[in-house]
Each structure stands twice: as structure tokens, then as C-alpha cells.
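Each chain, written out:
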Amino acid sequence: VSYVLFVFYVYIITNKPNGTIYTGQTDNLQSRIWEHKNKVQPGFSKKYNLDKLVWYDTFETREAALETESRMKNWKREWKVRRIEEDNPHWKDLTKDLGPAIL
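Topic: the environment of Glu 85
Note on placement: Glu 85 falls in helix H4 (residues 77-87). Once the C-alpha coordinates of Glu 85 and Trp 55 are considered, the two residues, 30 residues apart in sequence, prove to be 8.8 Å apart. Among residues more than four places away in sequence, those in contact with Glu 85 are Asn 18 and Trp 91.

Section: the nonpolar core
Grouped together as the largest cluster of nonpolar side chains are 13 residues, with contacts concentrated most on Val 10, Ile 12, Trp 55, Met 72, Ile 84 and Trp 91. Secondary-structure elements contributing two or more residues to this core are strand E1 (8-14), strand E3 (52-59), helix H3 (62-73) and H4. Excluding residues within four positions of it along the chain, Ile 84 makes contact with Ile 12, Ile 21, Val 54, Trp 55, Pro 89 and Trp 91. Counting residues in hydrophobic clusters, the runner-up holds nine residues, among them Leu 29, Ile 33, Leu 50 and Leu 98.

What about the side chain of Asp 51?
Here Asp 51 lies in the loop between helix H2 (44-47) and E3. Take Asp 51: its relative accessible area is 14%, and that puts it in the buried class. Of note is the side chain of Asp 51, whose polar atom sits 3.3 Å from the side chain of Lys 52. Setting aside residues up to four positions removed in sequence, Asp 51 forms contacts with Thr 14, His 36, Lys 37, Lys 39, Asp 93 and Thr 95.

Quick notes on unusual backbone geometry
Located in the positive-phi region is Asn 18, a residue other than glycine, with phi close to 60°. With respect to the secondary-structure elements, Asn 18 resides in the loop between E1 and strand E2 (21-26). The exposure class assigned to Asn 18 is partly exposed, which follows from its relative accessible area of 48%.

Rules used in this analysis
Residues numbered from 1 in each chain as written. Predicted model: local features only at pLDDT ≥ 70, side-chain atom pairs only at ≥ 80, totals over all residues. Heavy atoms only, no water. Helix = DSSP H or I, 4+ residues; strand = E, 2+ residues; numbered from the N terminus. Contact = heavy atoms within 4.5 Å. Core = buried A, V, L, I, M, F, W, Y, C linked by side-chain atoms within 4.5 Å. Buried < 20%, exposed > 50% of the residue type's maximum accessible area, 1.4 Å probe, protein only. Polar contact = N/O pair within 3.5 Å; in protein donor to acceptor, adjacent residues only side chain to side chain.

Shown next, in the form of C-alpha cells:
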């Protein structure tokens, strides 16, 4: 018996420490961050030059990721900042942690 494990992500990107932040969800974090860094899609992240991955979490189902993203988009900014700083107090760009494919 073989199993295919799908992983879904909720992530936060920014343009600088304590800058503008965007929360999103995806099933391919490497590809999605590459799109943000290369300004592939028009929209909020392109307009504000949001391309630094500062926080992400994994989920076993798309539904769980979508629910978490939706909930987080309704959070106050200070709650999002606290979430980032709990895991990444210096707002380091975590892109390198995903591997060299997207640099």
C-alpha cells in the first residue's frame, strides 16, 4: 500500500520587517513564493512588493488551510505580527528554508 501525502500551507509575506503583510494559502509553497518574488500575478502583493516569506504553517487538508487563512485574514494586524514574531522574531525571509528552486 502506498500513500500520497498532500500538504497545504497558510503563509504570511511582507515587504520589510513590520511592513505591509499579506496572508495566503496554497498547496505548493515553493511555487507560490516564486510567483510573489517574480510578480507573476497582479494584485495586492505585487502592488506593495510583498515577497518575503516570514511565517507559514502546514495542514493536512485544503479545508483546514482555507479555514485558517479565512480566520487569519479577519485577525487584527497586531495578532498577525505576534504570530510572526513568536516563530520569527527578526522577520527573516524564510524562502531559503524552502530550497534553492525558488531563489
